[in-house]
Amino acid sequence: MFQRFRRNRLNPHLRALVRETHVSVNDFIYPLFVRGGEGIKTEVSSMPGVYQMSLDEILKECEVLKNLGIYSIILFGIPDVKDSIGSDALHNHGIIATAIREVKKAHPEMFVVSDLCFCEYTDHGHCGIIDHTHETVDNDATLDISAKQALIHAKAGVDMIAPSGMMDGIIETLRSALDEEGYENLPIMAYSTKFASGYYGPFRDVAESVPSFGDRSSYQMDPANRREAIAESVEDEIQGADILMVKPALAYLDIVRDIRENTSLPLAVYNVSGEYAMLKNAASAGLIDYDRVLMETMVGFKRAGADIIISYHTKEVAKLLSTL
Ligand code: PBG
Ligand code: ZN
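Residues numbered from 1 in each chain as written. Chains lettered and ligands numbered in written order. Predicted model: local features only at pLDDT ≥ 70, side-chain atom pairs only at ≥ 80, totals over all residues. Heavy atoms only, no water.

1. Let's talk about the overall build of the chain
Working step 1: Regarding its fold elements, the chain presents eleven helices and twelve strands.
Working step 2: Expected size for 324 residues packed as a compact globule is a radius of gyration near 20 Å; at 20 Å, the chain falls within 12% of this value.
Working step 3: Taken over the C-alpha atoms alone, the chain extends approximately 70 × 45 × 40 Å along its principal axes.
Working step 4: Counting across all 324 residues of the chain, residues that qualify as buried make up 54%.
Working step 5: Computed over 31 positive and 47 negative side-chain charges, the separation of the two mean positions in the chain equals 11 Å. (Helix = DSSP H or I, 4+ residues; strand = E, 2+ residues; numbered from the N terminus. Rg over C-alpha atoms; globule rule 2.2 N^0.38 Å. Buried < 20%, exposed > 50% of the residue type's maximum accessible area, 1.4 Å probe, protein only. Lys, Arg positive; Asp, Glu negative; His and termini not counted. Charge placed at Lys NZ, Arg CZ, Asp CG, Glu CD.)

2. Regarding the nonpolar core
Working step 1: Ranked by internal contacts, the top residues of the largest apolar core, which has 78 residues, are Ile73 and Ile161.
Working step 2: Looking at which element gives the most residues to this core, the answer is helix H4 (residues 139–156), with eight residues.
Working step 3: Those residues in contact with Ile161, other than ones at most four positions away along the chain, are Ser114, Leu116, Ala150, His153, Leu174, Leu178, Leu186, Pro187, Ile188 and Met189. (Core = buried A, V, L, I, M, F, W, Y, C linked by side-chain atoms within 4.5 Å. Contact = heavy atoms within 4.5 Å.)

3. Here's the deal with the coordination of the zinc ion (ligand 2)
Working step 1: Each protein donor to the zinc ion (ligand 2) is listed here as Cys117 (SG), Cys119 (SG) and Cys127 (SG); together their distances run 2.2 to 2.3 Å.
Working step 2: In terms of primary sequence, the donors binding the zinc ion (ligand 2) are separated according to C-x1-C-x7-C. The pair formed by Cys119 and Cys127 is uniform in burial state, with each residue classed as buried. (Donors = N, O, S within 2.8 Å, 3.2 Å for Na, K, Ca; no water.)

4. Quick word on the site of ligand 1
Working step 1: Near ligand 1, the surroundings consist of 18 residues, among which Lys194, Arg204, Lys247, Ser273 and Tyr312 are the closest.
Working step 2: Within the contact set of ligand 1, a nitrogen atom lies 3.5 Å away from a side-chain nitrogen or oxygen of Asp115.
Working step 3: The separation between a nitrogen atom of ligand 1 and a polar side-chain atom of Ser164 is 3.1 Å.
Working step 4: Summarising the interface, the protein chains cover 100% of the accessible area of ligand 1, which totals 400 Å² for the free molecule.
Working step 5: For the shell around ligand 1, the residue count by class is ten nonpolar, three polar and five charged. (Near = heavy atom within 4 Å. Polar contact = N/O pair within 3.5 Å; in protein donor to acceptor, adjacent residues only side chain to side chain. Areas by Shrake-Rupley, 256 points an atom, 1.4 Å probe, with all protein chains shown as cover. Nonpolar A, V, L, I, M, F, W, Y, C, P; charged D, E, K, R; others polar.)

5. Examining the packing of aromatic side chains
Working step 1: All told, the structure shown has eight aromatic pairs when counted by the stated rule.
Working step 2: Each ring, one from Phe33 and one from Phe76, has its centre 5.1 Å from the other, and the planes form 20°; the classification is stacked. Taken together, the positions of Phe33 in strand S1 (residues 28–35) and Phe76 in strand S4 (residues 72–78) put the pair 43 residues apart, joining distant regions of the chain. Like Phe33, the residue Phe76 is buried in the burial classification.
Working step 3: Following the ring pairs from residue to residue traces out a cluster consisting of Phe33, Phe76, Tyr191, Phe203, Tyr270, Tyr276 and Tyr312.
Working step 4: When the ring centre of Tyr51 is taken as origin, the NZ or CZ atom of Lys41, which lies over that ring, is 4.7 Å away. (Phe/Tyr/Trp six-rings, centres within 6.5 Å; stacked < 30°, edge-to-face > 60°. Lys NZ or Arg CZ within 6 Å of the ring centre and 35° of its normal.)

6. A look at a negative patch on the surface
Working step 1: Taken together, the side chains of Asp140, Asp144, Asp168, Glu172 and Glu235 define an acidic patch exposed on the protein surface.
Working step 2: With respect to the helices, strands and loops of the structure, Glu235 is situated in helix H7 (residues 226–239). (Patch = residues over 30% accessible without salt bridge, like charges linked within 9 Å, V, L, I, M, F, W, Y side chains within 5 Å. Salt bridge = Lys/Arg side-chain N within 4 Å of Asp/Glu carboxyl O.)

7. Concerning the environment of Pro202
Working step 1: By secondary structure assignment, the location of Pro202 is in helix H6 (residues 201–207).
Working step 2: Judged by its relative accessible area of 12%, Pro202 falls in the buried class.
Working step 3: Spatially, the C-alpha atoms of Pro202 and Ser273 are 5.5 Å apart, while their sequence positions differ by 71 residues.
Working step 4: Discounting residues that sit within four places of it in the chain, Pro202 has contacts with Ser46, Met47, Ser273, Gly274 and Ala277.

8. Let's talk about helix H9 (residues 273–284)
Working step 1: With twelve residues, H9 extends 16 Å between its outermost C-alpha atoms, agreeing within 8% with the 16 Å of an ideal straight helix rising 1.5 Å per residue.
Working step 2: Looking at H9, one finds that the buried residues are Ser273, Gly274, Glu275, Tyr276, Ala277, Leu279, Lys280 and Ala282.
Working step 3: The elements touched by buried residues of H9 are strand S3 (47–54), H6, strand S11 (267–271), helix H10 (290–304) and helix H11 (314–322).
Working step 4: Looking at the residues trailing H9, positive phi occurs at Gly286, about 75°. (Expected span 1.5 Å × (residues − 1).)

9. So, the pairing of S3
Working step 1: Note that S1 and S3 share three bridges and pair parallel. Along S3, the bridge assignment pairs Arg35 with Ser54.
Working step 2: Relative to S3, strand S2 (residues 41–44) is paired through four bridges, and the arrangement is antiparallel. When the sheet's bridge partners are listed, Thr42 is paired in S3 with Gln52.
Working step 3: Linking S2 to S3, which pair antiparallel, is a turn of two residues. (Pairing = 2+ DSSP bridges.)

Listed below in structure tokens is the structure:
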């Protein structure tokens with residue numbers, strides 16, 4: 001008599017037929033951290049399973065990824081030398097340009113995204129050039145060098161750029177710089193709604209990008225602001241972004257839904273380092289059924305409205321999906 005919902009749950013095939021949300025390996029972008037040297041593969045203590053790798057190791061890793069059906073990666077560079085303006089990111093033989101070029105040469109079928117920011121390249125760890133009077137990042141001066149960095153990535157053969165510094169006007173600036181140089185087909189995935197978050201802690205260990213003074217609250221968003229979160233992403237769409245993003249993911253699924261309802265662009269979530277570390281630690285403490293919680297989390301991102309998931313869990317997800 002009260003069988004309204006349960007009838008459709010009794011048979012596994014029927015459950016599959018009525019399933020509303022699906023996770024596929026095609027939804028994922030896997031982050032890789034590249035540094036100088038050779039034969040280097042150093043695990044990050046706060047992120048088990050995540051490594052800083054020299055380029056030769058990155059090239060081997062791409063082979064592993066392809067065998068798992070993973071073709072999309074996002075590259076982060078860790079330079080040998082950092083300075084006040086992040087010069088390593090601004091020349092053709094810096095770590096990120098070299099990595100893009102070599103990955104595309106060895107694995108042309110990989111889809112290579114580059115994170116475009118300065119915090120990994122500056123000695124002060126902020127995401128751009130410092131305005132000393134105001135003790136924050138100088139927005140417009142950073143736009144100029146970001147355009148230069150975008151052209152360096154484009155020339156190196158990148159497939160998509162992903163500016164993550166949260167400078168105002170960044171999308172418009174990069175779009176016109178790329179168009180002027182003939183890169184009108186290069187897409188931009190905007191870190192359009194990025195919160196000033198404690199969940200980035202472990203990433204800053206891997207990327208060696210902890211700010212030496214202050215924090216990023218003058219350019220990243222206040223976690224309490226919903227209207228502003230929508231406006232930030234809508235603004236990036238107006239400026240010409242091809243894909244929008246919400247970052248972090250877990251504590252912001254309401255924002256993912258809000259943005260989904262305010263744009264028709266594809267939407268990514270960045271399942272960040274602190275979220276990864278929490279699951280890993282809960283698993284190693286024996287507190288959760290890791291595989292199950294992992295897939296539940298991923299389907300949650302998709303259900304909230306994400307099309308794309310940037311995640312350190314990508315390889316694990318690919319393995320789980322292939323055994324289903
Ligand atoms: C650089 C950048 C950060 C992340 C991606 N790009 C760190 C930050 O803004 O401090 C965070 C990723 C993560 O925590 O996994 N701007
Ligand atoms: Zn940054």
